[in-house]
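Close look at the chain arrangement
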Amino acid sequence: MEKSVSPAKYDKQYLSKRYQNINFAGPVKLEDFEHIYRKVGSMLKLGADDKVVDMGCGVGQFSLYLYLKYECDVTGIDYSADALYFCRKNIEALSSRKEYSNVKEKVRFLHLENENLPDLRDVRAAFLVDILEHLYNAEIEIILEKIKSWKEKDGIYLVIHTDNNNYLRFVR
């Protein structure tokens, strides 16, 4: 790949500052999650049989939000090893609660580079929440091509949110 942002930029220090602290070992309410997760997570009505992908999942909070809200099957993907450290920590904490004992059957986190994305099938939706502004055009093209191959027979929903207004002006 020509250009890419180093996953080293997304280390434990960055991730600790960027994401709010949710205690997944304690009682978790949907209202505990960032407003943007609640907003984006409500754009589609999902069910327990739906498969979704959270691209650039960071510490896994949005993936776990989707699981808690819909009990759907979630694959979170990130290329930062430190992000996956927090994902594992969060899912371990949540799975320690009796009412969420099946979370590890429904949610998985993958540590992958964009050019090595998995071959998934029958994915209802792919969420790209606050990641496009962190990618170069070639990376975006790779991701979008792969997402097209994941679709179920009726297509796939692509839900994108970006928090960078300068980036939005650039792409328009």
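In what follows, the accompanying structure is described. (Residues numbered from 1 in each chain as written. Predicted model: local features only at pLDDT ≥ 70, side-chain atom pairs only at ≥ 80, totals over all residues. Heavy atoms only, no water.)

1. Overview of a nonpolar patch on the surface
A surface patch of nonpolar side chains, about 220 Å² in accessible area, is lined by Leu 144, Leu 158 and Ile 160. As for its placement among the helices and strands, Ile 160 is situated in strand 5 (residues 157-161). Exposure remark for Ile 160: the relative accessible area of 41% places this residue in the partly exposed category. (Patch = residues over 30% accessible without salt bridge, like charges linked within 9 Å, V, L, I, M, F, W, Y side chains within 5 Å. Areas by Shrake-Rupley, 256 points an atom, 1.4 Å probe, with all protein chains shown as cover. Salt bridge = Lys/Arg side-chain N within 4 Å of Asp/Glu carboxyl O. Helix = DSSP H or I, 4+ residues; strand = E, 2+ residues; numbered from the N terminus. Buried < 20%, exposed > 50% of the residue type's maximum accessible area, 1.4 Å probe, protein only.)

2. Points about the layout of surface pockets
Over the atoms, a rolling probe the size of a water molecule traces out where space has been left empty. Considered as a void within the structure, the largest pocket measures approximately 400 Å³ in volume. Lining of the largest pocket is provided by 27 residues; of these, Gly 56, Gly 58, Asp 78, Asp 130 and Ile 131 occupy positions nearest its centre. Of all elements in the fold, only helix 1 (12-18), strand 1 (51-55), helix 3 (61-70) and strand 2 (73-78) reach the threshold of two or more residues within the lining of the largest pocket. The element contributing the most residues to the lining of the largest pocket is helix 1, with three residues. (1 Å grid on protein atoms, 1.4 Å probe; cavity = no way out; pocket = protein on both sides within 12 Å on 5 of 7 lines; lining within 4 Å. Points joined across faces, edges and corners; volume = space filled by probe spheres on them.)

3. A short note on the sheet that holds strand 5
Spatial strand order, 3-2-1-4-5: five strands in an open sheet with parallel pairing. Because the sheet does not close on itself, it has two edges, and the strands there are strand 3 (107-111) and strand 5. Strand after strand, the sheet turns through a mean of 15° between neighbouring axes, direction not considered. In terms of strand pairing, strand 1 meets strand 4 (residues 125-129) through four bridges, oriented parallel. If you follow Asp 54 over to strand 4, its bridge partner there is Phe 127. (Pairing = 2+ DSSP bridges. Axes fitted to C-alpha atoms, helices over the stretch in contact; angles between N-to-C directions.)

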